[in-house]
Amino acid sequence: MTRKDFITFLIEFKQDFHENTSAWENKTLEDFLESMISYTEDIQGYYDNNNLNVDANKATWENFKTILMGASVYE
């Protein structure tokens, strides 16, 4: 994923929040950031459990995307 792809994702991600707010677990910035912290701590388990040969310690645009998506529904 390129930086430009990530920007496109962010635009769509924001639009999804406005159009599907009820599907998002974390609707306030504070809740979202708290979830983002927890999800980032646990993301390697997600990768491992889904047999996704990804090292969460290597920062990539794809990892950032996965963290943001996860934080939208993570409790």
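Residues numbered from 1 in each chain as written. Predicted model: local features only at pLDDT ≥ 70, side-chain atom pairs only at ≥ 80, totals over all residues. Heavy atoms only, no water.

Participant: Explain a negative patch on the surface residue by residue, including any values.
Facilitator: Together, Glu25, Glu30, Asp31, Glu34, Glu41, Asp42 and Glu75 line one region of the surface with negative charge. Following the sequence through the fold, Glu30 ends up in helix 2 (residues 29-49). (Patch = residues over 30% accessible without salt bridge, like charges linked within 9 Å, V, L, I, M, F, W, Y side chains within 5 Å. Areas by Shrake-Rupley, 256 points an atom, 1.4 Å probe, with all protein chains shown as cover. Salt bridge = Lys/Arg side-chain N within 4 Å of Asp/Glu carboxyl O. Lys, Arg positive; Asp, Glu negative; His and termini not counted. Charge placed at Lys NZ, Arg CZ, Asp CG, Glu CD. Helix = DSSP H or I, 4+ residues; strand = E, 2+ residues; numbered from the N terminus.)

Participant: Would you mind going over the packing of aromatic side chains in detail, with residue names and values included?
Facilitator: Enumeration over the complete set of coordinates arrives at twelve aromatic pairs. Ring centres of Tyr46 and Tyr47 lie 5.7 Å apart, and the angle between their planes is 55°; this geometry places the pair in the tilted category. One aromatic cluster in this structure is built from Phe6, Phe9, Phe13, Phe17, Trp24, Phe32, Trp61 and Phe64. (Phe/Tyr/Trp six-rings, centres within 6.5 Å; stacked < 30°, edge-to-face > 60°.)

Participant: Could you give an account of a nonpolar patch on the surface, naming the residues involved and the relevant values?
Facilitator: A cluster of nonpolar residues, Met1, Trp61 and Phe64, forms a patch on the protein surface that exposes about 260 Å² of accessible area. One can find Trp61 in helix 3 (residues 61-71).

By themselves, these are just geometric observations and shouldn't be taken as functional.
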